[in-house]
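Working through the structure, step by step
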Amino acid sequence: MPRPDGRPQPPRLLASLGNVPEPVASRPYMPGYGTLPATAGSGLLRWSWAEERLAASHDFWLATVTPAGVPHLMPVWGIWRAGHLWFSSSNESRKARNLAAEPRCTVSTSDPAQPVVVHGRAGRVTDRDALAGMLAAENAKYGTSYGWEMVDPASNSVFALRPEWAFALDTADFAGSPTRFTFATGGH
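So, here's what we can say about the structure. (Residues numbered from 1 in each chain as written. Predicted model: local features only at pLDDT ≥ 70, side-chain atom pairs only at ≥ 80, totals over all residues. Heavy atoms only, no water.)

**Focus on the overall build of the protein chain**
Where we set the bar: Counting from the N terminus, the helices are DSSP H or I runs at least four residues long and the strands are E runs at least two residues long. Should any heavy atoms of two residues lie within 4.5 Å, those residues are considered in contact. The method behind every accessible area is Shrake-Rupley, applied with a 1.4 Å probe, and residues are considered shielded solely by the protein chains displayed.
Within the protein chain one finds three helices and nine strands. For the protein chain, the sequential pattern of α-helices and β-strands runs β-α-β-β-β-β-α-β-β-α-β-β. Within the protein chain, residue pairs in contact and separated by at least 24 positions form 67% of the contacts whose partners lie at least 6 positions apart. For the protein chain, the exposed surface amounts to about 9400 Å²; the carbon and sulfur share of it is 57%.

And the structure:
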């Protein structure tokens, strides 16, 4: 819902990051793809396999939806940290405004040969210690030296995406590796 001046409301604050429990792995339903049973081929991928790719991905594709229901896809830098994907955006950017109206979103790693797709809800982070940790991790990962202005809630939004489900695949075993990870949602 917009403010009286027509500008969007600020994105919802992430009340508590909390721990993300280990997800349940299963074979996704993929009719027509020749997907093997969960015990065939290389079997179900481990969540640690997916987390390695989430941590290593240089870029991510972030899909949000506009208030009019139009999909919006943009590349972002991201940090896989504490079981969440952290990313930032200008407060007035389309993605920040989309997430203010609808926190559900999907991100994908950039490697199509070993993709990890994560769906969940992105919450805005405003805790100063959490923002400092994210900034340090981002500067370390990307070899940058951004200052506080990069995460300052007055001008930029830092989001932490809490996974609800994820999909992973190793194309070296296309039919025997597809894995769906389902997380306890904790009220989300």
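We are not done yet, so read on.
**With respect to unusual backbone geometry**
The phi torsion at A82 lies on the positive side, around 55 degrees, for a residue other than glycine. Summarising the element assignment, A82 is placed in the loop between β4 (79–81) and β5 (84–90).

**Describing the pattern of salt bridges**
For clarity, the threshold we go by: By convention in these notes, a salt bridge is any Lys or Arg side-chain nitrogen within 4 Å of a carboxyl oxygen on Asp or Glu. Accessibility here uses a 1.4 Å probe with only protein chains present; expressed as a share of the type maximum, an area under 20% marks a residue as buried, one over 50% as exposed, and anything in between as partly exposed.
Using the criterion set out here, one finds three salt bridges in the structure. Across the pair E102 and R104 runs a salt bridge whose closest N-O atoms are separated by 2.9 Å. For R104, a relative accessible area of 42% corresponds to the partly exposed category. Of the charged contacts in the structure, one is a salt bridge between E164 and R121, with a shortest N-O distance of 2.8 Å. Taken together, the residues span a long stretch of sequence, with E164 in strand β8 (residues 156–168) and R121 in strand β7 (residues 116–125) at a distance of 43 residues.

**Thoughts on the environment of G120**
Tracing the chain through its elements places G120 in strand β7. For G120, a relative accessible area of 0% corresponds to the buried category. For the pair G120 and P103, spaced 17 residues apart in sequence, the C-alpha separation works out to 8.1 Å.

**As for the environment of T64**
Rule in force here: Side-chain atoms alone can form a polar contact between residues adjacent in sequence; in general such a contact is a pair of N or O atoms within 3.5 Å, and within protein one must be able to donate a hydrogen while the other accepts it.
Within the fold, T64 resides in strand β2 (residues 59–65). For T64, a relative accessible area of 6% translates into the label buried. When the C-alpha positions of T64 and N98 are compared, they lie 6.3 Å apart, and in sequence the two are 34 residues distant. Beyond its immediate chain neighbours, meaning those up to four positions away, T64 contacts V70, P71, H72, K95, N98, L99 and C105. Polar side-chain contacts of T64 include one of 2.8 Å to the side chain of N98.

**Re helix α2 (residues 94–101)**
Within α2, burial applies to K95, A96, N98, L99 and A100. Those residues of α2 that are buried are in contact with β2, β3 (71–77), β5, β6 (104–109), β7 and β8.

**Digging into the nonpolar core**
Heads up, the rule is: Put simply, buried Ala, Val, Leu, Ile, Met, Phe, Trp, Tyr and Cys residues joined by side-chain atoms within 4.5 Å make one nonpolar core.
Grouped together as the largest cluster of nonpolar side chains are 24 residues, with contacts concentrated most on W47, F87, L161 and F181. The set of elements that each furnish at least two residues to this core consists of α1 (47–56), β2, β5, α2, β6, β7 and β8. When near neighbours in sequence (up to four residues on either side) are disregarded, W47 contacts E22, P23, L54, W80, A166, F181 and F183. The next biggest cluster of nonpolar side chains, apart from the first, holds eleven residues, and it includes I79, V125, M134 and V158.

**As for the packing of aromatic side chains**
Selection criterion: Each Phe, Tyr or Trp ring, with Trp reduced to its six-membered ring, pairs with another whose centre is within 6.5 Å; inter-plane angles below 30 degrees give stacked pairs, above 60 give edge-to-face pairs, and intermediate values give tilted ones.
Under the definition given, this model contains six aromatic pairs. Here the aromatic rings of Y33 and F174 are separated by 6.2 Å at their centres, their planes lie at 45 degrees, and the arrangement is tilted. One end of the pair, Y33, is in the loop between β1 (24–26) and α1; the other, F174, is in the loop between β8 and β9 (179–182), with 141 residues separating them in the sequence. Both rings, one in W77 and one in Y142, keep their centres 3.9 Å apart while their planes meet at 5 degrees; by these two values the pair is stacked. Here W77 is found in strand β3, whereas its partner Y142 is found in helix α3 (residues 128–142), with 65 residues between them in sequence. On the basis of relative accessible area, W77 is assigned to the partly exposed category, the value being 28%.

Interpretation note: all reported values are geometric properties and have no functional meaning in isolation.
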